[in-house]
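# Understanding the architecture of this molecule
Below are the chains, spelled out letter by letter.
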Protein chains: 2
Amino acid sequence: MALGLGVDRGSPVPLYFQLSQQLEAAIERGALTPGSLLGNEIELAARLGLSRPTVRQAIQSLVDKGLLVRRRGVGTQVVHSQVKRPLELSSLYDDLAAAGQRPGTTVLVNDVVPAPAEAAAALGLGEGSEVHHVERLRLAHGEPIAYLCNYLPPGLLDLGTRQLEATGLYRLMRGAGITLHSARQSIGARAATAAEAERLGEDPGAPLLTMRRATYDDTGRAVEYGTHTYRPSRYSFEFQLLVRP
Amino acid sequence: MALGLGVDRGSPVPLYFQLSQQLEAAIERGALTPGSLLGNEIELAARLGLSRPTVRQAIQSLVDKGLLVRRRGVGTQVVHSQVKRPLELSSLYDDLAAAGQRPGTTVLVNDVVPAPAEAAAALGLGEGSEVHHVERLRLAHGEPIAYLCNYLPPGLLDLGTRQLEATGLYRLMRGAGITLHSARQSIGARAATAAEAERLGEDPGAPLLTMRRATYDDTGRAVEYGTHTYRPSRYSFEFQLLVRP
DNA sequence: TGCTGCCATATGTCCGGACAATCGGACGAC
DNA sequence: GTCGTCCGATTGTCCGGACATATGGCAGCA
């Protein structure tokens, strides 16, 4: 194979990670075509001067990503599909930016309030505890896209209105050293109330896409709860789901 | 610890899997409380008569599920959160059955047709190729919940109308030996057309939740494409998203 | 021809060990 | 008192090997 595989033992990057990145790049650029066998692990390990467990770890990470399939007695194949990325905790701001939509944000509310019952329950706090409360209008090309209402536990992050208008909430949390880990989401639809219609530039009774989400960090602590409403003509949710057997 | 941990070497079940199941059960029933340390891997391995790699494999599988967190230099902790299950490729039929809603299905169309452009593209077939086409109305307690329109590649499965009325499409595919692996989903909302409103028992212009999905098996082959519309008053999408770093 | 059983092949599981990187607290220097 | 350093603890990475098990093709037999 002329894949240019080879690891650098002087690098602090783990060997299995170097290999998995190279394999992923080879798949990405088409050097490993869908359906083709990867060659057996033993020989691959010998060729690269690595042990089999290390090679397996590299391959396993790509299997987890859905790029490869292992079959006992057969070999490891490249998946032939439109699988691009697995799913991620999507950030509306980043999604819009990636789509070249020039996102903008108008901060409508940014203060500390007693937590409403629903937010307190989601964040695991007592009802009436103080929480950060942020309401934002998200725009693209100057047009309203979504209305975002969020609650955060106190002391987690100090939210400057200026920062909130420059970037997304997730990016701010990550920048504050919070490692996001999982989220419970609920997506639905309903007719716009008069107030919602006014805010988003729709007619009353127009369909809206709604999302409720609680986000947790890597220790399982709830770090954010929010209810969002989207204009369905301007936004829809795109997922890539993976099943783990 | 009185966790009752111990493996059976006579069982064909892999040791790491036995251990991970026991740990998961211990977490589930509260014997391992959120935030508590799991005890170091070396000692745990010694106590169980296993090697450290085997114990690590068991722990890793629970980390992947989001039940445990590892911290170098600290130990492995139980996540303290409402994290129950990771996300799965949800089946509407099974979801309803699990919620005790007694799902029902009316098959409206079940035949072979030339593939519409969108379905052919999603399934990776030429436009106009023959495909299975199924249209169903999904009910709960006799009330319409969703309208499901699906296309499947030919020869994959023979779909009996009787079977379709008794269970869900995913269950039929799994029963035919197809291993579902991933799906691309798009969720949105729009106003009901007159025909849609009629089918679902809503008023024209009422908000509907829409889902478009292409499903792939473990080799990356597209095995299903469908467009669904849901009554938002009766159904919403619930997810548990996990981020892998 | 068609079925059966064997066998090479590849991944799956498991072991025991070694060293590195990181975390948190204890200790000592300033 | 505060800061930096050291050190024990724990996970992270990596090795080399062993045997188990599922797969698919081939040869032999009915």
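Whatever comes next refers back to the structure up there.
A short tour of the structure in this document, coming up. (Residues numbered from 1 in each chain as written. Chains lettered and ligands numbered in written order. Predicted model: local features only at pLDDT ≥ 70, side-chain atom pairs only at ≥ 80, totals over all residues. Heavy atoms only, no water.)

### Observations regarding the packing of helix α2 (residues 41-48) of chain B against helix α3 (residues 52-65) of chain B
Geometrically, a packed helix pair is captured by the angle between its two axes and the distance between the axes. All names here are of chain B. Counted only if it meets this: Think of each axis as a best-fit line through the C-alpha atoms, taken over the contacting stretch in the case of a helix, with angles from 0 to 180 degrees between the N-to-C directions. Strands are runs of DSSP state E lasting at least 2 residues, helices are runs of H or I lasting at least 4, and numbering of each runs from the N terminus. By the definition adopted for this analysis, an angle is roughly parallel if under 35 degrees, roughly antiparallel if over 145, roughly perpendicular if from 65 to 115, and oblique otherwise. The contact definition used throughout considers only heavy atoms, calling two residues in contact when any of these lie within 4.5 Å. Residues are grouped as follows: Ala, Val, Leu, Ile, Met, Phe, Trp, Tyr, Cys and Pro are nonpolar; Asp, Glu, Lys and Arg are charged; every other residue, Gly included, is polar.
Where α2 meets α3, the axes come as close as 9 Å, and the angle between the chain directions of the two elements is 110°. Between α2 and α3, the angle is such that the two are roughly perpendicular. Together, E41, I42, L44 and A45 of α2 and R52, V55, R56 and I59 of α3 make up the contact between the two elements. Among the residues making up the contact of α2 with α3, the classes are represented as five nonpolar, no polar and three charged.

### Overview of the environment of G4 of chain A
On the secondary structure map, G4 of chain A appears in the segment before α1 (15-28). Along the sequence, G4 of chain A and L23 of chain A sit 19 residues apart, while their C-alpha atoms lie 9.7 Å from each other.

### Re unusual backbone geometry
All names here are of chain B. Condition: For every residue, the accessible area (1.4 Å probe, protein chains only) is compared with the maximum for its type, and the residue is labelled buried under 20%, exposed over 50%, or partly exposed between those bounds.
Of note, R102 is a non-glycine position whose phi angle comes to about 45°, a positive value. Tracing the sequence through the fold places R102 in the loop between α4 (92-98) and β3 (103-114). Of the residues examined, R102 reaches a relative accessible area of 61% and is grouped as exposed. If you check the backbone angles, H141 has positive phi at about 55° while not being a glycine. Positionally, H141 belongs in the loop between β4 (130-140) and β5 (143-152). What makes H141 partly exposed here is its relative accessible area of 48%.

### Comments concerning the protein's contact with DNA strand D
For clarity, the cut-off: To be near a molecule or strand, a residue needs just one of its heavy atoms within 4 Å of it. Any pair of nitrogen or oxygen atoms within 3.5 Å is treated as a polar contact; in protein, a donor-acceptor pairing is required on top of that, and neighbouring residues in sequence qualify only through side-chain atoms on both sides.
Around DNA strand D, a shell composed of 25 residues is seen, among which R9, L15 and T54 of chain A together with R56 and R70 of chain B lie nearest. Near-protein atoms of DNA strand D (within 4 Å) split between backbone and bases, with sugar and phosphate holding 73%. Between DNA strand D and the protein, one listed contact pairs a base oxygen with a backbone N or O atom of G73 of chain B at 3.1 Å. With three residues, helix α3 (residues 52-65) of chain A is the largest single contributor of residues to the surface near DNA strand D. A class-by-class count of the residues in the surface near DNA strand D yields seven nonpolar, nine polar and nine charged.

### Comments concerning the protein's contact with DNA strand C
Contacts to DNA strand C come from 25 residues, most closely from E41 and R56 of chain A together with R9, L15 and T54 of chain B. Protein-adjacent atoms of DNA strand C, using a 4 Å cutoff, are sugar or phosphate at a proportion of 74%. R72 of chain A is positioned such that a nitrogen or oxygen atom in its side chain is 3.2 Å from a sugar or linking oxygen of DNA strand C. Y16 of chain B places a side-chain nitrogen or oxygen 3.1 Å from a phosphate oxygen of DNA strand C. Looking at the surface near DNA strand C, the elements that each hand over two or more residues are α3, β1 (68-71) and β2 (75-78) of chain A together with α1 (15-28) and α3 of chain B. Sort the elements by how many residues they give to the surface near DNA strand C and α3 of chain B lands first, with three residues. Taken together, the residues of the surface near DNA strand C sort by class into seven nonpolar, nine polar and nine charged.

Any functional reading would require information that these geometric values do not contain.
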